[in-house]
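Chain and residue survey
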Amino acid sequence: MKKKILKMTGKVVLMLIALELIALSINMFYEPSKVAAGGATGIAILLYEAVDVPTSFSVFGINIVMLVISYFYLERMTTVKLIFGSFVLPLFLLITPVINLIPHPFTSVIIGSIIFGIGLAILYTLDMSSGGTTVPPMIIHRHFEIDKYISLFVIDGIVCIGNIFVTGWVSFGLAVMSVAISSVVIKLCTMFEDKYINF
């Protein structure tokens, strides 16, 4: 029983670390650089740049809508798994200060992408999610058997294109670069986990 509690506590702590890493990457690297690199957080950055809505509020709103959709179109356990990340990430975005740690956007986005990728990799390893735009690919996969990663790639691509209209072509290029870097980091972390770590 003790081992089970310790294991569960460890997973919760790891998930909190992962969500805070994502919040750090958004508030200290992506948002100051005006780069929306996909997902609910990317949409939130676009909304912030376009109409000055705080990213934490936008992410929370998107996550709530996605939770409702998940409740009706996905398994109950999947929705339960989404709840934690859907509420904690907006909270972390709210309490984590927005600081332009590295003024040079190119360098900032590279570092932010690595941190973001590590955060997502931890969540994937734990079979958890931060909610948001991870929900539509799950629904599409369930009903049409289209790979989740393909749907997520399309959604991220659309968000990246949004940079062109809101913050410009440079931000679009940085966003595409960010998605590529994060994907590589996730893959490397997954390979490391498969070889050395067993959750």
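All of the points below concern the structure found in this document.

So, how was this worked out
Residues numbered from 1 in each chain as written. Predicted model: local features only at pLDDT ≥ 70, side-chain atom pairs only at ≥ 80, totals over all residues. Heavy atoms only, no water. Helix = DSSP H or I, 4+ residues; strand = E, 2+ residues; numbered from the N terminus. Rg over C-alpha atoms; globule rule 2.2 N^0.38 Å. Buried < 20%, exposed > 50% of the residue type's maximum accessible area, 1.4 Å probe, protein only. Contact = heavy atoms within 4.5 Å. Areas by Shrake-Rupley, 256 points an atom, 1.4 Å probe, with all protein chains shown as cover. Lys, Arg positive; Asp, Glu negative; His and termini not counted. Charge placed at Lys NZ, Arg CZ, Asp CG, Glu CD. 1 Å grid on protein atoms, 1.4 Å probe; cavity = no way out; pocket = protein on both sides within 12 Å on 5 of 7 lines; lining within 4 Å. Points joined across faces, edges and corners; volume = space filled by probe spheres on them. Nonpolar A, V, L, I, M, F, W, Y, C, P; charged D, E, K, R; others polar. Salt bridge = Lys/Arg side-chain N within 4 Å of Asp/Glu carboxyl O. Phe/Tyr/Trp six-rings, centres within 6.5 Å; stacked < 30°, edge-to-face > 60°. Lys NZ or Arg CZ within 6 Å of the ring centre and 35° of its normal. Patch = residues over 30% accessible without salt bridge, like charges linked within 9 Å, V, L, I, M, F, W, Y side chains within 5 Å.

This part takes up the overall build of the protein chain. For the protein chain, the helix and strand inventory stands at eight helices and zero strands. Tracing the protein chain from N to C terminus, the helices and strands come up as α-α-α-α-α-α-α-α. A compact globule built from 199 residues would reach a C-alpha radius of gyration of about 16 Å, and the protein chain, at 16 Å, matches this within 12%. Dimensions of the protein chain, computed from the C-alpha atoms along their principal axes, are close to 50 × 35 × 30 Å. Relative to its full complement of 199 residues, the protein chain shows a buried share of 44%. Relative to all contacts within the protein chain whose residues are 6 or more apart in sequence, the contacts with residues 24 or more apart total 74%. Carbon and sulfur atoms form 74% of the exposed surface of the protein chain, whose accessible area is close to 10,900 Å². Of the charged side chains in the protein chain, 12 are positive and 11 negative, and the gap between their average positions amounts to 14 Å.

Counted according to the given criterion, the structure contains one cavity of 30 Å³ or more. By volume, the largest cavity amounts to about 40 Å³. At the level of secondary structure, the elements contributing two or more residues to the lining of the largest cavity comprise α1 (2-33) and α2 (39-51). A per-class count over the lining of the largest cavity returns five nonpolar, three polar and no charged.

Scanning all chains against the criterion turns up two salt bridges. Here Glu75 makes a salt bridge to Arg142, at a shortest N to O gap of 3.8 Å. Pair noted here: Glu75 is in the loop between α3 (55-73) and α4 (76-95) and Arg142 is in helix α6 (residues 135-144), with a separation of 67 residues, a long-range link. A relative accessible area of 42% means that Arg142 is categorised as partly exposed. Notably, a salt bridge pairs Lys81 with Asp127, separated by 2.7 Å at the nearest N-O pair. One end of the pair, Lys81, is in helix α4; the other, Asp127, is in the loop between α5 (105-125) and α6, and 46 residues separate them in sequence. Lys81 sits in the partly exposed class, given a relative accessible area of 30%. On the accessibility criterion, Asp127 (52% relative accessible area) is exposed.

Moving on, we get to the packing of aromatic side chains. In this structure the tally under the stated criterion is four aromatic pairs. With 5.3 Å between their ring centres and 85 degrees between their planes, Tyr71 and Phe72 make a pair best called edge-to-face. Plain terms: the ring middles of Trp169 and Phe172 are 5.7 Å apart, the flat faces sit at 90 degrees to each other, and that makes the pair edge-to-face. One end of the pair is Trp169 and the other is Phe172, both in helix α8 (residues 169-196) and three residues apart, which spans about a single turn. According to the relative accessible area criterion, Phe172 is partly exposed, its value standing at 22%. Lying over the aromatic face of Tyr71, Arg76 brings its terminal NZ or CZ to 4.2 Å of the ring centre.

As a further point, take a nonpolar patch on the surface. On the surface, Phe60, Ile64, Val68, Tyr71, Phe72, Tyr73, Met77, Val80, Ile83 and Phe87 cluster together to form a nonpolar patch covering roughly 970 Å² of accessible area. Of all the secondary-structure elements, those providing two or more residues to the nonpolar patch are α3 and α4. Here Ile64 shows up in helix α3. Classification of Ile64 by relative accessible area gives partly exposed; the value is 30%.

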